[in-house]
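Structural overview
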Amino acid sequence: RAEWATGAAIGWGLGVAAVLPMALARTLNTQLWMAPRAFLLFGLSLLTLALLTLAHTLAIYGYGFQRLIDATGPARATLVLVAVVTVVHAVVPAPYGTPEGTRVLVDILMTLLLCLCWLRTHAVWLAWGLHFAWGAAIAVLFGLPIVGQVSFGSVVDTRAAGSAWLTGGDYGPAAALFTI
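Residues numbered from 1 in each chain as written. Predicted model: local features only at pLDDT ≥ 70, side-chain atom pairs only at ≥ 80, totals over all residues. Heavy atoms only, no water.

1. Quick word on the overall build of the protein
The test is simple: Every helix listed is a DSSP run of H or I at least four residues long, and every strand listed is a run of E at least two residues long, numbered separately from the N terminus. Should any heavy atoms of two residues lie within 4.5 Å, those residues are counted as being in contact. Throughout, the Shrake-Rupley method with a 1.4 Å probe supplies accessible areas, and for residues the shown protein chains are the sole cover considered. We count Lys and Arg on the positive side and Asp and Glu on the negative side, and we leave His and both chain ends out. Charge positions are represented by NZ for Lys, CZ for Arg, CG for Asp and CD for Glu.
Within the protein, the regular secondary structure consists of six helices and two strands. Along the protein, from the amino end to the carboxyl end, the secondary structure elements read α-β-α-α-α-α-β-α. Each principal axis of the C-alpha distribution contributes one length, and for the protein these read about 50 × 35 × 25 Å. Excluding contacts between residues fewer than 6 apart, the proportion of contacts in the protein whose partners are at least 24 apart in sequence is 71%. Per element, the accessible surface of the protein, about 9,500 Å² overall, is 70% carbon and sulfur. Charge-centre separation for the protein: the mean point of 8 positive side chains lies 6 Å from the mean point of 6 negative side chains.

This is how it looks when you write it as structure tokens:
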């Protein structure tokens, strides 16, 4: 519990730090939907996000990263995983207007951070808590797109209107310069 809570606190802090420059620049247009159905969707969004981030963390860091460490050592395994993420995110198309360099750099840094979480604890709880809280803060709580997806927002729907370097464009804060 303590490791997951620590990861969640770090992820929440990263999410707030990514959204704060947008809020201070007054680029966020927020609408609230207070119907009872919105709160049901809010809970379903949190549950879905928790399961998706758990599956991702278990597959990559709970198994794949560990096998890579066994084969190559921790430093090389981290570099290989960062290289794979770089290639994948450089090839996968992003929504129009997304700052590509910033998006790829944030993905590299997040992968490095999640690798360090596993290397520090040898468990997935810290990485899962961080990954889940980042996604929940950005997508569910603030209602912004996460990796170009807007399907997690239910109670809060936010549109960021401003330069792509500040807002991340349609990709969301994961492509904004301040997220780095």
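2. Quick word on the packing of aromatic side chains
Here is the rule we go by: Pairing of aromatic side chains here covers Phe, Tyr and the six-membered ring of Trp, requires ring centres within 6.5 Å, and sorts the geometry by plane angle: under 30 degrees stacked, over 60 edge-to-face, intermediate tilted. Relative accessible area decides the class of each residue, using a 1.4 Å probe on protein chains only: under 20% of the type maximum gives buried, over 50% gives exposed, and in between gives partly exposed.
Inspection of every chain in the model, using the stated rule, returns seven aromatic pairs. Their ring planes at 15 degrees and their centres at 6.0 Å tell us that Trp12 and Phe142 sit as a pair that is stacked. Here Phe142 lies in the loop between helix H5 (125-141) and strand S2 (156-160) and Trp12 lies in helix H1 (residues 2-24), a separation of 130 residues in the sequence. Classification of Trp12 by relative accessible area gives partly exposed; the value is 41%. Their ring planes at 70 degrees and their centres at 6.0 Å tell us that Tyr61 and Phe65 sit as a pair that is edge-to-face. With Tyr61 and Phe65 both in helix H2 (residues 36-72), this residue pair falls four residues apart, about one helical turn. The buried category is assigned to Tyr61, whose relative accessible area is 2%. Look at Phe65 and you get buried, because its relative accessible area is 1%. Site record: aromatic cluster; members linked through ring pairs are Trp4, Trp125, Trp128 and Phe132.

3. Remarks on unusual backbone geometry
Positive phi is not limited to glycine here, since Arg26 has a value of about 55 degrees. Mapped onto the elements of the fold, Arg26 is located in the loop between H1 and strand S1 (28-32).

4. Here's the deal with the pattern of salt bridges
The cut-off we apply is this: One speaks of a salt bridge when a side-chain nitrogen belonging to Lys or Arg is within 4 Å of a carboxyl oxygen belonging to Asp or Glu.
Scanning the model with the defined rule gives one salt bridge in all. For the salt bridge of Arg67 with Asp70, the shortest nitrogen-to-oxygen distance reads 3.0 Å. Of this pair, Arg67 and Asp70 both sit in helix H2, three residues apart, which is roughly one turn of that helix. Taking relative accessible area as the criterion, Arg67 reaches 36% and is therefore assigned partly exposed. Given the relative accessible area of 58%, Asp70 is considered exposed.

5. Things to note about the packing of H2 against helix H3 (residues 74-91)
For the record, the criterion: Axes here refer to lines fitted to C-alpha atoms; in helices the fit is confined to the stretch in contact. Angles between the N-to-C directions go from 0 to 180 degrees. Throughout, the term roughly parallel applies to angles under 35 degrees, roughly antiparallel to angles over 145, roughly perpendicular to angles from 65 to 115, and oblique to all others. Whether a crossing is left-handed or right-handed is set by the direction in which the near helix is turned from the far one by less than a right angle, anticlockwise for left-handed and clockwise for right-handed. For this classification, Asp, Glu, Lys and Arg are treated as charged, while Ala, Val, Leu, Ile, Met, Phe, Trp, Tyr, Cys and Pro are nonpolar and the rest, including Gly, are polar.
With their axes 7 Å apart at the nearest point, H2 and H3 run at an angle of 125 degrees to one another. Put simply, H2 runs oblique to H3. The interaxial crossing formed by H2 with H3 has right-handed handedness. Residue-level contacts link Ile60, Tyr61, Phe65, Leu68, Ile69 and Thr72 of H2 to Pro74, Arg76, Ala77, Thr78, Val80 and Leu81 of H3. Of the residues belonging to the contact of H2 with H3, the class tally is nine nonpolar, two polar and one charged.

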